[in-house]
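In case you want the letters, here they are:
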Amino acid sequence: MMKVKNEDVEESDEEDEEKDLVIQDEFSYICKRCDEVINEYYRYYYKCTNDLCDFYLHKFCAEVPTTLTHTSHPHPLTLYKHSDDWICFYCQRQHKADAVCYFTFDFCWVTCIDVNCVVEVDKRRIYHPSHPHPLVSPIPSPILCLCQACGKTHKDIFFLCTTCPYFTVHTDCIFLPKSLLIQQTTNGIFRHTHPLTLSYSFPEAEQRAKYNPKCRVCNGRFNTYMENFWIYKCEKCIYYVHLDCATSASRREPFMSILSIGGDQNVKNFEDVDYPNLLRLPFPDQT
């Protein structure tokens, strides 16, 4: 049975306890064919008609052919569930055992090919609220590119708009939660009472109206040239955070910090041996 995502319903302006809850995604399941997430950004998906069964498939995973011929390979390819770990011949990505691949049973030095490297690009599209056009991921291997969400250059898998040539967002940003608690994403180093909501821009006019606030994590400015970059914010408290500052721990890009919790006890999120050239202030008295 195919399911269609309901359109987002605008919330009322009433302030109650539910407004301070972390808003969860409408749904989040694992595709039984590719082992990747199915969420609200995929407009269509398949599920078992038995509500007690957790069998879900991306639309394009359910519709990939079991056998095909492809211009990239001279022999017919067959959809195959490999019993061992394997590496895609084209994109060189590693896959665990039981992951589905295209395999040739003819005598050939090519063994396994990632399904995403074979299927049509049009079947790897999402609909994201940050952009008016569908986004596709045409290249299954990591590329070095500027992310229009966080403003940083990454080597990763990217989604891009085929209508707007410069709109590119890498996978870590495109699937960030719409709402989060900053204490959970910074390993408790920073805290805020309310959840922070994801905003897809911070216009210059809004920055001026809020008296040009600084990021509550790094104390850096939100410069006017960054107004189209995404941020996390709490409107109630005029609390704004850069995208990468709010999600550093979950994105495996931890920042260094030392917190004093009273007396002579300090809490660090790094080991001294990893930073032998780190300067510590104040410098010891040399007299």
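Residues numbered from 1 in each chain as written. Predicted model: local features only at pLDDT ≥ 70, side-chain atom pairs only at ≥ 80, totals over all residues. Heavy atoms only, no water.

Structurally, the position occupied by Tyr239 is in strand β21 (residues 239-242). The class of Tyr239 is buried, set by a relative accessible area of 5%. Along the sequence, Tyr239 and His192 sit 47 residues apart, while their C-alpha atoms lie 8.7 Å from each other. Setting aside residues up to four positions removed in sequence, Tyr239 forms contacts with Ile182, Arg191, His192, Leu196, Arg216, Tyr232, Lys233 and Cys234. (Helix = DSSP H or I, 4+ residues; strand = E, 2+ residues; numbered from the N terminus. Buried < 20%, exposed > 50% of the residue type's maximum accessible area, 1.4 Å probe, protein only. Contact = heavy atoms within 4.5 Å.)

The next subject is the pattern of salt bridges. Side chains that differ in sign of charge can pair as their charged atoms come close. Summed over the entire model, instances satisfying the criterion amount to 9 salt bridges. Lys47 is the salt-bridge partner of Asp51, the closest N and O atoms lying 3.6 Å from each other. A network of salt bridges, in which partner residues are shared, links Glu206, Lys210, Lys233 and Glu235. (Salt bridge = Lys/Arg side-chain N within 4 Å of Asp/Glu carboxyl O.)

Before going further, it helps to spend a moment on the sheet that holds strand β6 (residues 67-68). Here 4 strands make up an open sheet; going across it, the order is β6-β7-β10-β11 and the pairing antiparallel. The outermost strands of the open sheet, each flanked by one partner alone, are β6 and β11 (112-114). Where strand β10 (residues 100-103) meets β11, 3 bridges bridge the pair, whose relative direction is antiparallel. Bridged to Phe103 within β11 is Cys112. (Pairing = 2+ DSSP bridges.)

What follows concerns the sheet that holds β21. The 4 strands lie next to each other as β18-β19-β20-β21, forming an open sheet whose pairing is antiparallel. Both outer strands of the open sheet, β18 (179-180) and β21, are each paired with one neighbouring strand and no more. Bridging between β18 and strand β19 (residues 196-199) involves 2 bridges; their strand directions are antiparallel. Bridged to Leu180 within β19 is Leu196.

This next bit is on the packing of aromatic side chains. For the structure on display, the rule yields 10 aromatic pairs. Their ring planes at 5 degrees and their centres at 3.9 Å tell us that Tyr29 and Tyr56 sit as a pair that is stacked. With Tyr29 in strand β2 (residues 28-30) and Tyr56 in strand β5 (residues 56-58), this residue pair connects regions lying 27 residues apart in the sequence. Look at Tyr42 and Phe175: their rings are 6.5 Å apart centre to centre, the planes differ by 20 degrees, and that puts the pair in the stacked class. Taken together, the positions of Tyr42 in the loop between β3 (37-39) and β4 (44-47) and Phe175 in the loop between α3 (171-174) and β18 put the pair 133 residues apart, joining distant regions of the chain. Taking the relative accessible area as the measure of exposure, Phe175 reaches 30% and is therefore partly exposed. Put simply, the rings of Tyr41, Tyr42, Phe60, Phe159 and Phe175 touch in pairs and so form one group of aromatic residues. (Phe/Tyr/Trp six-rings, centres within 6.5 Å; stacked < 30°, edge-to-face > 60°.)

The next thing to look at is the nonpolar core. If you look at the biggest cluster of nonpolar residues, it comprises 42 residues, and the most contacted ones within it are Val169, Cys173, Leu196, Tyr232, Val241 and Leu243. At the level of secondary structure, the elements contributing two or more residues to this core comprise β5, α1 (59-63), β16 (158-161), α3, β19, β20 (231-234), β21 and α6 (243-246). Residues Leu77, Tyr102, Val115 and Cys117 belong to the second largest nonpolar core, which totals 17 residues. (Core = buried A, V, L, I, M, F, W, Y, C linked by side-chain atoms within 4.5 Å.)

For the chain, mean pLDDT is 77; residues scoring 70 or higher make up 76% of the total. Under a pLDDT of 50 for its full length, residues 5-24 has, in the predicted model, 22 contacts with residues more than four places off or in other chains. (pLDDT = per-residue confidence, 0-100.)

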